[in-house]
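Structure at a glance
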Amino acid sequence: MLDKANESTDKQLVWHLIGLSLEHPPEPAQAVIPMEKLRDFIAFARARCDPELTDEAGQDLVDAYTSMRSQGTSRKCITATPR
């Protein structure tokens, strides 16, 4: 089974999962930044910025990701994906 990114389906899944845990799940928040402006900003950042991670920051990301992934091994479920 492939875990393909789909914003609509992902949102439905998240709200379903929240609903399983909460008696009264919160309403979805409104976007703070209009989607078009956010897309433009991301495109600008990709074209003009060249961020670099320190070795320490990279190791922190690796540690956090592997920790999240390992939390689901006892329950045989995936707790984090590389998206």
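This one's a predicted model, so the numbers in the text were calculated from it and none came from an experiment.

This part is about the overall build of the protein. The helix and strand tally for the protein stands at 3 helices and 0 strands. From first element to last, N terminus to C terminus, the protein shows the α and β order α-α-α. Accessible area for the protein stands at about 8100 Å²; split by element, carbon and sulfur atoms hold 58% of it.

It is worth spelling out the confidence of the model for the protein at this point. For the protein, the mean per-residue pLDDT works out to 75, and 61% of the residues sit at or above 70. The lowest-confidence element of the protein is helix α1 (residues 7-21), averaging 71 in pLDDT; the highest-confidence one is helix α2 (residues 35-48), averaging 91.

This part takes up a nonpolar patch on the surface. Judged by side-chain polarity, V32, I33, M35, L38, F41 and I42 come together as a nonpolar surface patch covering roughly 580 Å² of accessible area. By the secondary structure assignment, I42 is in helix α2.

Here is what the cut-offs are and how they apply
- Residues numbered from 1 in each chain as written.
- Predicted model: local features only at pLDDT ≥ 70, side-chain atom pairs only at ≥ 80, totals over all residues.
- Heavy atoms only, no water.
- Helix = DSSP H or I, 4+ residues; strand = E, 2+ residues; numbered from the N terminus.
- Areas by Shrake-Rupley, 256 points an atom, 1.4 Å probe, with all protein chains shown as cover.
- pLDDT = per-residue confidence, 0-100.
- Patch = residues over 30% accessible without salt bridge, like charges linked within 9 Å, V, L, I, M, F, W, Y side chains within 5 Å.
- Salt bridge = Lys/Arg side-chain N within 4 Å of Asp/Glu carboxyl O.

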